[in-house]
Every structure is written in structure tokens, then in C-alpha cells.
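Observations on the model geometry
So the chains spell out like this:
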Amino acid sequence: MALHRLTSVTIGVPNVEKTAAYYAEFGLTPTADGWFLTRDAGRQLRLVYAPTRRLVELRVGVDDSDDIARVSSNLTQHGIDHTTSPTSVTATEKATGVRTVLEVAARVIQQPVPGTRYNGPGRYERSNERAPGVLRTDRVMPRKLGHAVLGSPDFAISKRFFVDGLGFKVSDHIKNAGVFLRCSIDHHNLLVLAAPLSFLHHTSWQVDDVDDVGRGAYSMLENHPERHVWGLGRHHAGSNFFWYLKDPAGNFSEYYSDMDCILDDQLWTPEVLDGAKGLFNWGPPPPPSFLHPEDLAGLMTGLHSAR
Ligand SMILES: [Fe+2]
């Protein structure tokens, strides 16, 4: 039938314990075997040791064995090495070194969360009471993993792997710099960015609404202002509200809400986004470290010395 969701990511970090504490505080629930759960989609993050931070594995859910056979045949056609089992296809993307596993997995049907009542001119959705966003006292806990963003030193190879090989769909392009890809109805589950080296830019986690984007970030920053990277703002590609924070290994993690959803592929036309639009629609100006994370030079040196 089809690819239907981004199942999980495995991130390698040099400081597993510290980074695990961060993601627990971020609102993911740790398990005894090194995984972290989201509220709606279960095991979606695993942390493992690596000498330098990197995306180790990306898992994608498909419906059935027909999908496995189709993807396996596509990969063969494109000369991409892979292994198959009755329920999975595994291949390593050459340019980034990310192991990618397509696996038969149950679809996640999220229960609809009632819309937050916001007042507007002549529109009184909420009267005689304070806004829910200022009354909430529960911890923000992400509903699901939304997307991962990867820097790739060979953008064309990465795009061919994910689009022609695995069957991701193109949602939008950033002119000469990146491509937004989806394996579900979300506008993007993967963004591949042209970069001088392979690195994980960020992972992104869905929360209920813009208030929870703000509340989640506020809580993370309360005793750790150094975690702040960029927010609050709204992207153009995907339209989502965002706030980016930094984990102790240097990976960015994003709270997001209100992402565009593409239910009918025929009704969506990918655009080439140029200039600032590729990056955002409104918000504070992005800090230079968002575009070029401060540890990139170090990661490059590590890469070279490891060879
Ligand atoms: Fe993002």
C-alpha cells in the first residue's frame, strides 16, 4: 500500500546519560532498554553511544509485504545495496551513512484533540474565563516524532536514495539547498540539506498547539537558558510553529504544532522556496548557529581524523 509514518530515530551521542536526561525533561518517556516513548506513537527515540553525535538509524513504517517487495525492487534498479526480510528492508544511505529500515508497522491513528478555543475580532470562542494556555499546569509531552533534518555532503545521492529508492514524496524545495520529503500525510518527515558533512541538524516533536510549543520551551529554558536556539516562530514550509532547543550532545530538538498535512497528493504542488522563505515565515532572525551549528568544524575534524 504505502509508506505511512516515520517510526523512530536512533541518535548516537558521546554522552548518553546526560542526553537521556534532557529528552526525559523534554517530555519523552524513557524505558529500561534505552528507548523513549511519545504519547501517541510509542517507541520513537533511541540513544546509543557514538564518539561524535550522528543520526545512526531512521525507521519508516509501511503497510505490508507488497511495500517491502516494491522498495526492494526499486533499490535494486538504482543499484543500492540492501538486505530484505519478509517484514523489512534495510539499506545504508551512502552520502550520510544513515542506516534506514523500512518495516511493516501498524499505522498510528491519533485521537483528535479538540481545537483550542481562541478569541478573535467578533469571535468569542471563550468567554468569562482565562485562556486554556495560561491555565494548563500539566507537563508538555510530545504526541509523536514529526521529522528529522539531515545535512548531506552529496545532496543528489541522498535525494535519489530517499525519493527514487524508498518512495518518499517531495513536498517543497529550498532553492539549491534542500528538499522537504514526506513518508506520511505530514508536510515533511525528512529534510535533506546540502552541507559540507553528514550531520543530524534536528529532530522535531509534535505538541498540541502553539501554547504548548511555548510552554514546552519555557519549561526547558527555566533553569537552562543556554539551551535556547531559535523561537518562537512559524515556518513557511509546512507552516508549523516552532521553537528549537539544543541537547547536551549538540543536536537541536524542536517542539512544533500546526504542520500542513497533505491528504491528497494531487492537491499539493511543491514549490521552490527562495531566500528567507526556505527558512521561516516570521519570528526572530535565525541565529548563525542555527544554520551552521557551532560544533560542525569539530565534527569535520573528528571525521577526518577517524579516517
Ligand atoms: Fe523542523
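These figures come from a predicted structure and were not determined experimentally.

Calculation criteria
Residues numbered from 1 in each chain as written. Predicted model: local features only at pLDDT ≥ 70, side-chain atom pairs only at ≥ 80, totals over all residues. Heavy atoms only, no water. Donors = N, O, S within 2.8 Å, 3.2 Å for Na, K, Ca; no water. Helix = DSSP H or I, 4+ residues; strand = E, 2+ residues; numbered from the N terminus. Buried < 20%, exposed > 50% of the residue type's maximum accessible area, 1.4 Å probe, protein only. Pairing = 2+ DSSP bridges. Contact = heavy atoms within 4.5 Å. Polar contact = N/O pair within 3.5 Å; in protein donor to acceptor, adjacent residues only side chain to side chain. Core = buried A, V, L, I, M, F, W, Y, C linked by side-chain atoms within 4.5 Å. Arc of directions from axis to C-beta. Salt bridge = Lys/Arg side-chain N within 4 Å of Asp/Glu carboxyl O. Axes fitted to C-alpha atoms, helices over the stretch in contact; angles between N-to-C directions. Expected span 1.5 Å × (residues − 1).

**Remarks on the coordination of the iron ion**
On the protein side, the iron ion has His 147 (NE2), His 202 (NE2) and Glu 254 (OE) as donor atoms, found 2.1 to 2.2 Å from it. Along the chain, the residues that donate to the iron ion are spaced as H-x54-H-x51-E. Of this pair, His 147 sits in strand 9 (residues 144–152) while Glu 254 sits in strand 16 (residues 252–257), and the two are 107 residues apart along the sequence. Assessed through its relative accessible area of 0%, Glu 254 is described here as buried.

**Focus: the pairing of strand 11 (residues 178–182)**
The buried fraction of strand 11 amounts to five of the five residues, a majority that puts the element mostly inside the structure. Burial along strand 11 is two-sided: the face carrying Gly 178, Phe 180 and Arg 182 and the face carrying Val 179 and Leu 181 are both buried. Sheet topology note: the strand 10 (residues 169–174)/strand 11 ladder contains five bridges and is antiparallel. Pairing of Asp 172 across the sheet is with Phe 180, part of strand 11.

**So, the environment of Arg 46**
Its location among the elements puts Arg 46 in strand 4 (residues 42–49). With 35 residues separating them in the primary sequence, Arg 46 and Ile 11 have C-alpha atoms 6.3 Å apart. Other than its neighbours up to four places away in sequence, Arg 46 contacts Val 9, Thr 10, Ile 11, Gly 34, Trp 35, Glu 57 and Arg 99. Polar side-chain contacts of Arg 46 include one of 3.2 Å to the side chain of Thr 10.

**Quick look at the environment of Ser 184**
Within the secondary structure layout, Ser 184 lies in the loop between strand 11 and strand 12 (190–194). For Ser 184, a relative accessible area of 16% puts it in the buried group. The sequence separation of Ser 184 and Ala 2 amounts to 182 residues, and the corresponding C-alpha distance is 8.8 Å. Ser 184 has contacts with His 4, Arg 5 and Asn 189, leaving out every residue within four places of it along the chain. From its side chain, Ser 184 meets the backbone nitrogen of Asp 186 in a polar contact 3.0 Å long. One polar contact links Ser 184 to Asn 189, side chain to side chain, over a distance of 3.0 Å.

**Points about the nonpolar core**
Core analysis: the biggest nonpolar cluster contains 50 residues, and Phe 26, Leu 45, Leu 58, Phe 162, Phe 168, Leu 245 and Tyr 255 have the highest contact counts within it. Once residues lying within four places of it in the same chain are set aside, the contact partners of Phe 162 are Leu 58, Glu 93, Thr 100, Gly 167, Phe 168, Leu 181, Leu 190 and Val 192.

**Here's the deal with helix 1 (residues 16–26)**
Every buried residue of helix 1 is listed here: Thr 19, Tyr 22, Tyr 23 and Phe 26. Buried residues of helix 1 fall within an arc of 90° about the axis and therefore sit on the same side. Backbone geometry just after helix 1 places Gly 27 at a positive phi near 115°.

**Let's talk about the pattern of salt bridges**
Under the defined criterion, the tally for this structure stands at 23 salt bridges. Across the pair Asp 186 and Lys 144 runs a salt bridge, and its minimum N-O distance is 2.7 Å. One end of the pair, Asp 186, is in the loop between strand 11 and strand 12; the other, Lys 144, is in strand 9, and 42 residues separate them in sequence. Salt-bridge contacts for Lys 246 lead to Glu 294; the nearest nitrogen and oxygen are separated by 3.7 Å. Note that Lys 246 is positioned in strand 15 (residues 241–246) and Glu 294 in the loop between helix 6 (288–291) and helix 7 (296–306), a separation of 48 residues in sequence. Of the residues examined, Lys 246 reaches a relative accessible area of 28% and is grouped as partly exposed. According to the relative accessible area criterion, Glu 294 is exposed, its value standing at 64%. Through salt bridges with shared partners, a single ionic network connects Arg 46, Glu 57, Arg 59, Arg 99 and Glu 103.

**Concerning the pairing of strand 14 (residues 228–234)**
Each regular strand displays side chains that alternate between the two surfaces of the sheet. Alignment of strand 14 against strand 15, held across five bridges, turns out to be antiparallel. Among the inter-strand pairings, His 228 is bridged to a residue of strand 15, identified as Leu 245. Counting the residues in the hairpin turn of strand 14 and strand 15 gives six residues, including Gly 238, whose phi is positive at 95°.

**Some remarks on the sheet that holds strand 12**
Strand order in the open sheet formed by nine strands is 14-15-16-13-9-12-11-10-17, and the pairing between neighbours is mixed. Here the strands that pair on one side only, and so sit at the sheet edges, are strand 14 and strand 17 (272–273). For strand 9 and strand 12, the ladder comprises five bridges, and the chain directions are parallel. By the bridge assignment for strand 12, Ala 148 is matched with Leu 190. Contacting strand 13 (199–206), strand 15 and strand 16, helix 1 crosses the sheet at an angle of about 10° to strand 16. Strand contacts of helix 4 (residues 155–166): strand 9, strand 10, strand 11 and strand 12, with the helix running at about 160° to strand 12, the strand carrying the most contacts.

**Remarks on helix 4**
With 12 residues, helix 4 should reach 16 Å at 1.5 Å per residue; the first-to-last C-alpha distance of 16 Å fits that figure. Considered for burial, the residues of helix 4 that qualify are Ser 158, Phe 161, Phe 162, Val 163, Gly 165 and Leu 166. The first or second residue beyond helix 4 is Gly 167, which carries a positive phi of 95°.

These figures capture arrangement, not role.
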